[in-house]
Amino acid sequence: MTVAEFQDSIAREAAPPAGASPAVQALWHDAQDDWARAHACVQDDPGQEGAWVHAYLHRKEGDLGNAGYWYARAGRKMPAETVALAEEWTGLARELLSR
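Residues numbered from 1 in each chain as written. Predicted model: local features only at pLDDT ≥ 70, side-chain atom pairs only at ≥ 80, totals over all residues. Heavy atoms only, no water.

### Regarding the nonpolar core
In this structure, Phe6, Leu27, Val53, Trp89, Leu92, Ala93 and Leu96 are the most contacted members of the largest nonpolar core, which totals 27 residues. With six residues, the single largest contributor to this core is helix H4 (residues 48-61). Setting aside residues no more than four positions away along its own chain, leucine 96 makes contact with Ala23, Val24, Leu27, Glu49 and Val53. (Core = buried A, V, L, I, M, F, W, Y, C linked by side-chain atoms within 4.5 Å. Buried < 20%, exposed > 50% of the residue type's maximum accessible area, 1.4 Å probe, protein only. Helix = DSSP H or I, 4+ residues; strand = E, 2+ residues; numbered from the N terminus. Contact = heavy atoms within 4.5 Å.)

Here you go:
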């Protein structure tokens, strides 16, 4: 699935794509402005993908200390403040959907 197809599903569908990983489901719910549901999708995900989305969600929330912890768990550096959340979301979606 491409990012464009994923974004189209956000606009048209009532639920994330079938078979989507918890991290991708979280991005879908985040795009629906449902932070709590997005967070629930990755809260117990032990993998690096889930940790990366978890980090992004806490960055979006403004909890940079917690975000830093999750970026470290994901093996990633926290983006600079100049990196827009929308830009990070798109990069996350692009990478996770390509797997």
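Now that the structure has been shown, the text picks up again.
### Comments concerning the packing of helix H1 (residues 3-12) against helix H2 (residues 22-31)
At a minimum axis distance of 10 Å, the contact between H1 and H2 shows a crossing angle of 55°. As summarised for this structure, H1 and H2 are arranged oblique, according to the angle between their axes. As for the relative orientation of H1 and H2, their crossing is right-handed in sense. Listed contacts from H2 to Phe6, Ser9 and Ile10 of H1 are Val24, Leu27, Trp28 and Ala31. Tallied by class, the residues present in the contact of H1 with H2 amount to six nonpolar, one polar and no charged. (Axes fitted to C-alpha atoms, helices over the stretch in contact; angles between N-to-C directions. Parallel < 35°, antiparallel > 145°, perpendicular 65-115°, else oblique. Left-handed = near helix turned anticlockwise from the far one by under 90°. Nonpolar A, V, L, I, M, F, W, Y, C, P; charged D, E, K, R; others polar.)

### Here's the deal with the pattern of salt bridges
Side chains that carry opposite charge are capable of pairing whenever their charged atoms lie near each other. Applying the stated criterion across every chain, the model contains seven salt bridges. With a shortest N-O distance of 2.8 Å, glutamate 49 and arginine 99 are connected by a salt bridge. Of this pair, glutamate 49 sits in helix H4 while arginine 99 sits in the segment after helix H6 (85-97), and the two are 50 residues apart along the sequence. Residue classification places glutamate 49 among the partly exposed positions, given a relative accessible area of 24%. When the shortest N-O distance is used, the salt bridge between glutamate 95 and arginine 99 registers 2.4 Å. Accessibility expressed as a relative area gives 26% for glutamate 95, which makes it partly exposed. (Salt bridge = Lys/Arg side-chain N within 4 Å of Asp/Glu carboxyl O.)

### So, the packing of aromatic side chains
Under the definition given, this model contains two aromatic pairs. Ring centres of phenylalanine 6 and tryptophan 89 lie 5.8 Å apart, and the angle between their planes is 15°; this geometry places the pair in the stacked category. Of the two residues, phenylalanine 6 sits in helix H1 while tryptophan 89 sits in helix H6, which places them 83 residues apart along the sequence. No difference in accessibility class separates phenylalanine 6 from tryptophan 89, as the two residues are buried. Ring centres of tyrosine 69 and tryptophan 70 lie 5.1 Å apart, and the angle between their planes is 85°; on these two criteria the pair is classed as edge-to-face. (Phe/Tyr/Trp six-rings, centres within 6.5 Å; stacked < 30°, edge-to-face > 60°.)

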